[in-house]
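Descriptive structure summary
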Amino acid sequence: MSEHAAQVDHRAMANAIRALAMDAVEAAKSGHPGLPMGAADIATVLFTQHLKFDPKAPDWADRDRFVLSAGHGSMLLYAVLHLLGSEALPIEEIRNFRQFGSKTAGHPEYGHTPGIETTTGPLGQGLGNAVGMAIAERHMNALYGDDLVDHHTYVLAGDGCLMEGISHEAISLAGHLKLNKLIVIWDDNDISIDGPVSLADSTNNIARFNAAGWRTHAIDGHDPSAISAAIEQAKASELPTLIAAKTTIGYGAPNKQGTSSTHGAPLGADEIAATRTELDWPHEPFDIPAPVRDAWRIAGLRSGQAHRAWEKRLAALDHDARHEFDRRLRGELPADMSGAIRDLKEQLASEKPTVATRKASETALKAINPVVPDLIGGSADLTGSNNTLTPDLGVFSADNYAGRFIHYGVREHAMAAAMNGMALHGGVIPYSGTFLVFSDYSRPAIRLAAMMGIRVIHVMTHDSIGLGEDGPTHQPVEHLAALRAIPNLNVFRPADSTETVECWQLALDCRHRPSVLALTRQGLPAVRTAYSEENLCARGAYELVPASTQAIVTLFASGSEVAIALEARKILERNNVPTRVVSVPCFELFAEQPAVYRRAILDDTPVRVAIEAAVRQGWDRLVGRSGGFVGMTGFGASAPYKDLYEHFGITAEAVAEQAMARVEALQQVDEA
């Protein structure tokens, strides 16, 4: 290390961030230099004086979390990680900013680069994630104490983050829960892409956060002493804290700072040259002088002792406690779960209940929750409808962080984003409930969960016109297709209690993919009447009932329409039309099966008909473009559900009639 490192002042360390940011954006010919240059003072103080973070062990469980909610300013985070000595980000990666295959993507991507806590870019999502991280920290702290879990979650949010509606949901939830380990630093630079923020917004955000139950501080975001003092006060607060840091976007660029021209475009060679003069930074692009680099590397060593002390405390635990803590952090399921699933499936095969799959889900959770303490449930003010609360959980609240059920209120978007943050934090497995139609509110966070490959489970009930009288505003018709269109998302639509239990098992087993369980309001008969040790739903689609002889018709169905398919089969068999029924609980898992299995399920039966109380989109993969479909072509209506199924022609008789017509048409062709 350079002997001059101790003489490097804050300004030089912050200017290193500014220089790397403007040089990387210039080299890429795209990017956002304004935020990194404006927030460089904040990042320097936070990472060198306060953040508990070990660059050599970026996954250390008790590290402080830093979330760059304003993800477009990604070069701020990449520059800091490089300067701190991250082995994943040598200077070559900074030079390759935004290039294919580099570790420095346009927006921070979880799992792509060590030190990135979450994927951000869609504004406000990171703020929602951070609320979930703070929830997980408080819960794990309540279970394991300060010796093992005692860290903060920091967020750097921009004006856009606070304009997005999710921010209101997230900050009000955090304030209600008194998540005092959550510290949001607002890069208050008054600039958005279009120009001054005043063009579109005049909100008093300090008053807004105060009203939501937060502590607030307003500071000069370029004064390192003020920044440090505000963070110290925030760390001692009994409430979550907002630090409103007034900054100048593009700080140091003499002709462009404070304007929208620095937000999302390179500064240009002339302005960069002028900036180097303005900042007294005469160094070549990507050149960090040794004293500055060494000062940052020394700062990177600051938390090493805390990390080693934590490892000693963990090692001092008795074997069982340490094993359980490690298991939860690894995301492994307890060995007891498989036995609980087996016992419940045997019980259901014996009892053959006729119940709504939302009720079957509750039955599954009553068996699973006691043996999987990692699970934290919740609902967006629909607990009694989603059936996500079981008696053993206890309510998570400001007075009981050990509770395992969160009343999210009517905040679907923040709920989904917070669940992502909880999964990213580790040690917990989040699930929550709402109506399937409200997946529209949750979709941005679900998409990011799929992109990140994290285990988050969404229980979405009232999955079709089968919910009845609430009418078309609450009856999803396009939502299954829309969710199935998201890559790396499992959408489960079980047909009865046994399938529901199996789908829960699959959702929990899938550590690198989120899941949606689409469940009914109306009661469904048991279609799986014999116990099977194998999880048949794991195949995505399977033959539920074979044809009496060589099949002429195959009926494919999911969820509540499987029972309709079985009744239609009886009609067809009585008319000497051999018919098989295939249950399709999960398109995504079926698509991943070996080709030989998929061919066997799809078969070469002359007539294929799909049945689902939703739009056709997606079913052509199973029945072909010329195959039949019985389902919805428009929105629903308000009426008792049985009347709606009759009105829209989703009945066993209609299915049998369509299949028969197709069989007769084929016979006429053969005769011709």
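Quantities reported herein were computed from a predicted structural model and do not represent experimental measurements.

1. Structural notes on the overall build of the protein chain
Scanning the protein chain for helices and strands turns up 27 helices and 18 strands. Relative to the 2.2 N^0.38 estimate, which gives 26 Å for 672 residues, the radius of gyration of the protein chain is 28 Å and therefore close to what a compact globule would have. The principal-axis extents of the C-alpha atoms in the protein chain amount to approximately 90 × 60 × 45 Å. When each of the 672 residues of the protein chain is scored for burial, the buried share is 61%. Relative to all contacts within the protein chain whose residues are 6 or more apart in sequence, the contacts with residues 24 or more apart total 78%. Of the roughly 24900 Å² of accessible surface on the protein chain, 50% is carried by carbon and sulfur atoms.

2. Description of the environment of G471
Tracing the chain through its elements places G471 in the loop between β11 (457–461) and α20 (479–484). Separated by 188 residues in the primary sequence, G471 and A659 have C-alpha atoms spaced 30 Å apart. Contact partners of G471, with chain neighbours within four places excluded, come to A637 and S638.

3. Focus on the environment of E478
If you trace the backbone, E478 turns up in the loop between β11 and α20. In the structure, E478 is positioned 138 residues away from R616 in sequence and 8.8 Å away in space, judged by C-alpha atoms. Discounting residues that sit within four places of it in the chain, E478 has contacts with V615 and F635. Side-chain polar atoms of E478 contact the side chain of H479, separated by 3.4 Å.

4. Observations concerning the nonpolar core
The biggest cluster of nonpolar side chains holds 116 residues, and the ones touching the most others in it are F47, L182 and W296. With 11 residues, helix α1 (residues 10–28) is the largest single contributor of residues to this core. Not counting chain neighbours up to four residues away, the residues in contact with L182 comprise A130, V131, A134, T153, V155, A174, W214, P240 and T241. Counting residues in each nonpolar core, the second largest holds 76 residues, with L365, V459, W504 and V584 among its members.

5. A word on the sheet that holds strand β8 (residues 375–379)
With parallel pairing, the 6 strands of this open sheet are ordered in space as β9-β8-β10-β11-β13-β12. The open sheet terminates on both sides in strands that have one partner only, identified here as β9 (405–407) and β12 (490–492). Between one strand axis and the next, the sheet turns by 20 degrees as a mean value, whatever way the strands run. When β8 meets β9, the two strands line up parallel, connected through 3 bridges. Residue pairing across strands places G377 opposite F405, the latter belonging to β9.

6. Comments concerning the confidence of the model for the protein chain
This prediction gives the protein chain a mean pLDDT of 97; 99% of its residues lie at or above 70. The lowest-confidence element of the protein chain is helix α27 (residues 652–671), averaging 91 in pLDDT; the highest-confidence one is strand β3 (residues 182–188), averaging 99.

7. Focus on the layout of surface pockets
One number sums up the size of the largest pocket: a volume of about 690 Å³. In this structure, the largest pocket is lined by 33 residues; those nearest its centre are Y110, L329, A423, L424 and G426. Every element with two or more residues in the lining of the largest pocket is listed here: α13 (304–315), α14 (319–330) and α18 (412–425). Among the elements that line the lining of the largest pocket, the one with the most residues is α14, at 4 residues. Looking at the lining of the largest pocket residue by residue, the classes come out as 14 nonpolar, 9 polar and 10 charged. Considering only enclosed or pocket space, the second largest pocket measures out at about 510 Å³ in volume. Along the walls of the second largest pocket sit 22 residues, with P525, S560, A563, I564 and E567 positioned nearest its centre. Residue assignment for the lining of the second largest pocket shows that the elements contributing at least two residues are α22 (561–574), α26 (641–647) and α27. Looking at the lining of the second largest pocket, the element that brings in the most residues is α22, giving 6 residues. Split by residue class, the lining of the second largest pocket holds 12 nonpolar, 4 polar and 6 charged.

Criteria and cut-off values
- Residues numbered from 1 in each chain as written.
- Predicted model: local features only at pLDDT ≥ 70, side-chain atom pairs only at ≥ 80, totals over all residues.
- Heavy atoms only, no water.
- Helix = DSSP H or I, 4+ residues; strand = E, 2+ residues; numbered from the N terminus.
- Rg over C-alpha atoms; globule rule 2.2 N^0.38 Å.
- Buried < 20%, exposed > 50% of the residue type's maximum accessible area, 1.4 Å probe, protein only.
- Contact = heavy atoms within 4.5 Å.
- Areas by Shrake-Rupley, 256 points an atom, 1.4 Å probe, with all protein chains shown as cover.
- Polar contact = N/O pair within 3.5 Å; in protein donor to acceptor, adjacent residues only side chain to side chain.
- Core = buried A, V, L, I, M, F, W, Y, C linked by side-chain atoms within 4.5 Å.
- Pairing = 2+ DSSP bridges.
- Axes fitted to C-alpha atoms, helices over the stretch in contact; angles between N-to-C directions.
- pLDDT = per-residue confidence, 0-100.
- 1 Å grid on protein atoms, 1.4 Å probe; cavity = no way out; pocket = protein on both sides within 12 Å on 5 of 7 lines; lining within 4 Å.
- Points joined across faces, edges and corners; volume = space filled by probe spheres on them.
- Nonpolar A, V, L, I, M, F, W, Y, C, P; charged D, E, K, R; others polar.

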